[in-house]
Amino acid sequence: MSGHIISAGVLTTVQDLGRTGYRHLGIPRSGAMDRLAAAIANLLLAQPAGTAVLEYNLVGPTIQFSRPTVISLTGGGVHARLNGLEVPMHQPIVVPAKARLAIGPLHYGCRGYLAIKGGWEVPAQLGSCATLVSAGLGGLDGRAIARDDALPYGEFHGPVPRGIGARVPRNNRSREAPAPIKVIAGPQADRIEGGLEALCERVYRLSADSDRMGCRLVGPALVQRDSHEPITEGAVPGAIQLPPDGQPIVLMADSQPTGGYPKVAVVTSVDLPKLAQARPGDPLRFVPISLAEARLQWQQRQADLNRLAIAVAHRWQEPVPCALI
């Protein structure tokens, strides 16, 4: 059983929640840029949050399915049609055999996610199916999917659930430019003239040069107190580095494990999906919070996801007969 790719969309790749334990070897975490949307897509199908999904950018793929299955769509807002009929986001969608799904351009947000019951069956490498195109690692032969590819998926026998609508966090369904992005002070915050407040009082725009490695910001330059670069040290997704030109770079999913630029702040895990959904030209601004506040918000987010998983699992135990597929 496989999905035949009629058209590939823009940089459509197989992703999950990334590979861990290899950064000391120079291998990035990779995985979904919007980890929240990818997790929700899977939880809606009553399967682990880290199951392999498809991530697409701005324009989604068109896929024909060889066998019946159930899918879900999350992330940026999109009009998707199954055999010509519009289907909703944020809930399970029953897909008949030979059906064709066309995912149109996103009308808000930057990235969307397509989950399938049982996941996309590509070989795991280093414990993950996440695609790292720059290294030819993971996913479908380490590359973005292309027209006429065949993406295998697991056989599905039912049952299918009754209708489930997800109550997802507001910032994951926003039709507007991202809300202020919360940050905590980085290890070299004092290297900036004016400190962390200088970063947070400016408005930036997302550069078109941004990619899965980093979001490049354009705006009033930050001034370093001196030109001496700190010793190269570990870096994580969300770290805001300050190169000599004073234009911040926010490290993202495919970012390098180490860096020598000063790390003046770190975007909180809860707000990193906001940045993943920003489009080139979108205005961005930051607001400081404490480490304790960031931890509390992360715990609240995890509790929300756990509640969603429990609610969905209950609905999947109240099935519609599989003959309706």
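Brief notes about the side chain of K274
- Here K274 lies in helix α3 (residues 272–276).
- From its side chain, K274 meets the backbone oxygen of P180 in a polar contact 3.1 Å long.

What to know about helix α1 (residues 35–43)
- Most of α1 sits inside the fold, with eight of its nine residues counted as buried.
- Within α1, the full set of buried residues consists of L36, A37, A38, A39, I40, A41, N42 and L43.
- Elements that come into contact with the buried residues of α1 comprise β3 (53–57), β5 (69–82), β8 (100–116), α3 and α4 (291–316).
- Looking at where α1 begins, the residue whose side-chain oxygen comes 3.2 Å from the main-chain nitrogen of L36 is D34.

Considering the pairing of strand β18 (residues 263–267)
- When you tally the buried positions in β18, you get five out of five residues, the bulk of the element.
- Relative to β18, strand β11 (residues 181–185) is paired through three bridges, and the arrangement is antiparallel. Bridge pairing in β18 places V183 opposite V267.
- Where strand β15 (residues 239–241) and β18 come together, three bridges link them in antiparallel fashion. Bridge pairing in β18 places Q241 opposite K263.

Considerations on the sheet that holds strand β19 (residues 283–284)
- Taken together, the eight strands give an open sheet; going across it, the order is β19-β12-β13-β16-β15-β18-β11-β20, and neighbouring strands pair in mixed fashion. Taken across any chain shown, the strands that pair with only one partner, and hence form the sheet edges, are β19 and β20 (286–288).

Describing the environment of A39
- Looking at the element boundaries, A39 is found in helix α1.
- Its relative accessible area of 5% is what places A39 among the buried residues.
- Each C-alpha atom, one on A39 and one on D16, is 8.5 Å from the other, the two residues being 23 residues apart in sequence.

Notes on the pairing of strand β1 (residues 2–7)
- In terms of strand pairing, β1 meets strand β9 (residues 150–152) through three bridges, oriented antiparallel. Bridge pairing in β9 links H4 to A150.

Parameters at a glance
Residues numbered from 1 in each chain as written. Predicted model: local features only at pLDDT ≥ 70, side-chain atom pairs only at ≥ 80, totals over all residues. Heavy atoms only, no water. Helix = DSSP H or I, 4+ residues; strand = E, 2+ residues; numbered from the N terminus. Polar contact = N/O pair within 3.5 Å; in protein donor to acceptor, adjacent residues only side chain to side chain. Buried < 20%, exposed > 50% of the residue type's maximum accessible area, 1.4 Å probe, protein only. Contact = heavy atoms within 4.5 Å. Pairing = 2+ DSSP bridges.

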